[in-house]
Amino acid sequence: MATNGSGPTQAFAPVLTAMSTMRDGQREQKKVAHQFLENFQKSAEAWQITIGILQSGADAEAQLFAATTLRGKITYDVNQIPHDALPALRDQVLELLKGFATGPRPIRIQLCVCLAILAIQMTGWKDVVPMVVSSLGNNAESHACILDFLKVLPEEVTEGRKINLTEDELQQRTQELLGDNAGQVVQLLISYAQSSETAATNPQLLEVITSWLREVPVADVVNSPLLNVIFSALDADRSFDAATDCLVSIFKETREVDAYLPTIQVLLPRVVALKPRIRQAAEQEDAELYKGITRIFAEAGEAWVVLIAREPIAFRPLVEGVLECAALDMDRDAIALTFIFWYELKLYLILENFIQARMQYVDVYAKLVDIMLKQLEYPNDTPGSDDLFDGDREAEEKFREFRHHMGDVLKDCCEIMGVTECLSKVLERIKAWMAAYAGQATANAVPHWQQLEAPLFSMRAMGRMVDKDEDIILPQIMPLIVQIPHHEKLRFATIMVLGRYTEWTSNHPELLEPQFTYIVSSFSTDSKEIVRAAAMAMKFFCTDCKHLLSGQVVQLQQFYNQTLDKLPGVSQEELTEGVASVVAVQPVPQIFDLLKLYCDPLMERLMAKANAAVDDDGKLLVAGLSLFSQPNDIANNADHLQLITLFIQMVTPYVEPGQENPAVKYCQEIFPILSKILDTFALFTPICERICRCWRYMIISYRTAMAPLLPEMANKLANGFAASKQGCFLWVTSAILREFSEDREHVNENTTEAIYAFFEAQSTNMLRMMSDVPPRDLPDVIEDFYRLLVDALLYYPHKLISSSLFTPIFQAGVSALALEQREPLTAALHYLRDVIGYGGDNPPSSSQSPNPVEIKQVVQELILANGEHLVKQIMAGMMITFPDDCFSDGSGALLELFQLLPQQTATWVDKTVRMLPPGTIREAEIDKLMNGIKERLALGPDGLRKVRSLLQDFTNVYRRRYVAPRDGLGRLEAERFHFNA
């Protein structure tokens, strides 16, 4: 496998050409080149060619590609090389490493990784570190190589799951490479650090220390000269970041504080001694330095938070350091680094055991509230511009997100100080602004509005912490904020506060009217943002104060009808949810008339659109969409079907069984209209989906009371599915199956029989469809069908398993495993797993009764007849076609097969892996897998989980090696499903 690099370059010319094409070629050429390079990287020829490129004078890009490819080969394809040739490969990599000692560093790093991975797999190579150090020499260039190798070695060992070693082999190799070399590495690093001032501030040195901290006892580093090296490196610009990372890693290693108390006692004064650097960095306006110092204090606090709670006096200087970092961060770049610390400290301080520490830190959290209120302020106005962020939308979005995180810190402060004290600070800020600036406010300008908006935002953030019985501060604040001068940001913030405190307002009805009036008046403003906020607030007011607003339900409809068409789609839904909440609490005799009052105008708008729909854009308007309008185009995009569905979801009156449900009576009134629209637009998916969604919620909301509508609805669903082949009709079928299942009360046997017959008719149509059309053309419908089947198996298990359709449904599910989309695969795998479960004693059933013997027998016979094909499709998917998200379900299905039929499943797996294309897997690897499976099966139930791990490891390794051919999967190709009704 060796090459001297002196041969002709024709061998790697195609690779260089493909790389050039990837850089400069056309799109189609790049696709061909990418496929060529991907195949090349997995070929046996890649060994010689990559080493040849690295030994040649090729450009740096080609050599980096070669080094990366060599890394992949050593990781996954070392089985392509005879075992006795590995030492020669190691020597070649060492020689290459010497050649790249001076750079480029990316190539050198890749070669170090190659050597580290090779060292893990060459279990007979016992003197790895000494050999590498001696082979690379003792000059300045070799030091860089040695440091790079020492850095990557522990990183690659801890990532060893991707290497084809058993757990025991990997554990032993970890001890040999890391544990046995830890002391020697520490001495090497001390010697290097003491060799020169330049060496002591070399970032590479600090990176190596960081990398080895998991392996070297942290006390060995802290009690060695290396600690001084790390802290001294904070004074040099070139090593500051690496030293910071190193310290943070040391802190994390000391999280088990009781075990590392002596080490922490050494570190604490060294960290506290850095406090002057906080103000120094702030005054220098050095953002990176400030972030680094903040990170040191915050991470130390997080690591030692238990001790901070136990010994508040001793650790208070550290906490004050974190507080100072938050206070002096004028650019708001570093303060977020402290948020986790405040949260974790709060978790301890609220415990009864730490009540004394809590009292010690109340003043710290009080100062933190003041800091947060200041940091929450928007930037000052720019003269001549309305844009606070000078057009930088990214900075604006970052600030908005940042404020919400600060709101979480304020919640933490509430838990330590108490809500009343936090709200008192808000009230003080509002009163201070009112006294200083309220008299200067005009219709066009509000001075220093930022100082008023920040406490309003903080109120909104703290809302979850405020009890609805709070009677001290909020009764003073609420009358004040509805009098705040008009300013878009202030009005928006006020509306959001009012919407956040609606539960509190419901307990203080005397304050409802001015707040409600403020919200309603906000709908007449020109600001879209304010109108959207008002719609959201109205939703919460109507939801939480629905009983208080009950007497205004008719007037509320007038407001709703006049306002609705002026709102964007999301706001229409929010307002509808709100008013529907008020309708829902009215007396049952009034429900029908109120639904007509609210919903009939919506139905009229819907019918007008349906009658006017003569082209695709008109049809989209019926569904609340438009080809030409924007999503927030108010005039065109009202989704009236969705608004009607919201009323059906929200208005669910309780009626005794046998009595007429007024909501169902209204559904019966509108059902013919919806049916007519469905018939008219049966082939237009968006409209079908919205109508089916509406019908589905009729079933979910009114359950068995919908029985009078079932025959007509079932007929429409069956005809619609047969005509359109759209999965939305199966959504409603699934809801009917659930709500009218065999074990429901007030459902007679004739009804369940009729519903099951309806389900079988839908299934027959679907099986015909899957027989006529390849799965790849039906992914969405297959997903919906197998989600329906999961419900059918759960609620009608005996009927389904005894049905003549049970076998073809299972076979169709196996054929669907040829798909490559996550959602349909997940649905099919879930159904198949549930079926397998019915072959054993613990099926996924809604019933508590034992699984009957005859049911288990039917399922086992089904699996014995189809198990080989099922295993083949699951294994092929896990090795070649499944997306990553389907691995756990695939391996879970195999595990359940092993639990049910262990010997037969092992035979099926053996047959499947021996179908793999020649050259992609060695016979010895297959034998190793099968022997491992047999050994685990012999252990009984305890060994089954290990079988699953074996299969996952095998399929992961194979997946990396194998490139699926364009002409199909050969013997692993899925069989077409055929259905004869």
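Details of the structure are given in the entry above.
Please read these numbers as outputs of a predicted model, since none were measured by experiment.

Colleague: Quick question: what am I supposed to make of the overall build of the chain here?
Modeller: Broken down by element type, the chain carries 49 helices and zero strands. For the chain, the C-alpha atoms occupy an extent of roughly 90 × 85 × 60 Å along the three principal directions. Residues counted as buried form 54% of the 981 residues belonging to the chain. Put simply, of all contacts in the chain between residues at least 6 apart along the chain, 74% involve residues at least 24 apart. Carbon and sulfur atoms form 50% of the exposed surface of the chain, whose accessible area is close to 43000 Å². For the chain, the distance from the average position of its 89 positive side-chain charges to the average position of its 127 negative side-chain charges is 2 Å.

Colleague: Would you explain the packing of helix α18 (residues 287-303) against helix α20 (residues 312-327) in this entry?
Modeller: Packed helices, taken two at a time, are described by the angle their axes make and the gap between the axes. At a minimum axis separation of 9 Å, α18 and α20 run at an interaxial angle of 145°. Every pair of crossing elements has a handedness; the one defined by α18 and α20 is left-handed. For the pair formed by α18 and α20, the contact residues are Tyr 290, Thr 294, Phe 297, Ala 298, Ala 300 and Gly 301 on the first element and Leu 318, Gly 321, Val 322, Glu 324 and Cys 325 on the second.

Colleague: Looking at this structure, I do not really get the environment of Thr 826. What am I missing?
Modeller: Relative to the helices and strands, Thr 826 is located in helix α44 (residues 822-837). Sequence-distant contacts of Thr 826, that is, excluding residues within four places in its chain, are made with Cys 886 and Asp 889.

Colleague: Just checking my understanding: could you explain the pattern of salt bridges for this structure?
Modeller: Oppositely charged side chains can pair when the atoms bearing their charge come close. For the structure shown, the criterion picks out 49 salt bridges. Here Glu 320 makes a salt bridge to Arg 316, at a shortest N to O gap of 2.8 Å. Of this pair, Glu 320 and Arg 316 both sit in helix α20, four residues apart, which is roughly one turn of that helix. With a relative accessible area of 31%, Glu 320 lands in the partly exposed category. Taking the shortest distance from any N to any O, the salt bridge between Asp 679 and Lys 716 comes out at 2.7 Å. Of the two residues, Asp 679 sits in helix α36 (residues 662-680) while Lys 716 sits in helix α38 (residues 710-724), which places them 37 residues apart along the sequence. A residue is classified by how much of its surface remains accessible, and Lys 716, at 18% relative accessible area, is buried. Where salt bridges share partners, they join Arg 105, Arg 108, Asp 148 and Glu 207 into one cluster.

Colleague: Teacher, can you tell me more about the environment of Ala 273 here?
Modeller: Tracing the backbone shows Ala 273 in the loop between α16 (261-272) and α17 (275-284). You can call Ala 273 exposed: its relative accessible area is 54%. A sequence separation of 48 residues divides Ala 273 from Gly 321, and the C-alpha atoms of the two residues are 9.9 Å apart.

Colleague: I'm lost on a nonpolar patch on the surface in this one. Help?
Modeller: A cluster of nonpolar side chains, namely Tyr 343, Leu 347, Ile 350 and Leu 351, defines an oily patch on the protein surface of about 330 Å² accessible area. Assignment of secondary structure puts Leu 351 in the loop between α21 (339-349) and α22 (355-375). The class for Leu 351 is partly exposed, based on a relative accessible area of 41%.

Colleague: Is there a simple way to explain a negative patch on the surface in this structure?
Modeller: Side chains of Asp 467, Asp 469, Asp 471, Glu 503, Glu 510 and Asp 544 sit close together on the surface and give a patch of like negative charge. Tracing the sequence through the fold places Asp 467 in the loop between α25 (450-462) and α26 (474-481).

Colleague: Can you help me understand the nonpolar core in this one?
Modeller: General note: in soluble globular proteins, nonpolar side chains tend to be found buried as a group. Ranked by size, the top nonpolar core spans 344 residues in total, and within it Trp 304, Phe 647 and Tyr 786 carry the most contacts. With residues up to four places along the chain from it excluded, the contact list for Phe 647 reads Tyr 560, Thr 576, Val 579, Ala 580, Val 583, Leu 595, Tyr 598, Cys 599, Leu 602 and Tyr 702.

Colleague: Quick question: what am I supposed to make of the environment of Met 434 here?
Modeller: Looking at where Met 434 falls in the secondary structure, it is placed in helix α24 (residues 419-437). Along the chain, Met 434 and Met 607 lie 173 residues apart, while their C-alpha atoms are 53 Å from each other. In this structure Met 434 touches Leu 480 and Ile 484, once residues within four positions along its chain are discounted.

The rules behind each value
Residues numbered from 1 in each chain as written. Predicted model: local features only at pLDDT ≥ 70, side-chain atom pairs only at ≥ 80, totals over all residues. Heavy atoms only, no water. Helix = DSSP H or I, 4+ residues; strand = E, 2+ residues; numbered from the N terminus. Buried < 20%, exposed > 50% of the residue type's maximum accessible area, 1.4 Å probe, protein only. Contact = heavy atoms within 4.5 Å. Areas by Shrake-Rupley, 256 points an atom, 1.4 Å probe, with all protein chains shown as cover. Lys, Arg positive; Asp, Glu negative; His and termini not counted. Charge placed at Lys NZ, Arg CZ, Asp CG, Glu CD. Axes fitted to C-alpha atoms, helices over the stretch in contact; angles between N-to-C directions. Left-handed = near helix turned anticlockwise from the far one by under 90°. Salt bridge = Lys/Arg side-chain N within 4 Å of Asp/Glu carboxyl O. Patch = residues over 30% accessible without salt bridge, like charges linked within 9 Å, V, L, I, M, F, W, Y side chains within 5 Å. Core = buried A, V, L, I, M, F, W, Y, C linked by side-chain atoms within 4.5 Å.

All quantities given are derived from atomic positions and should not be read as evidence of function.
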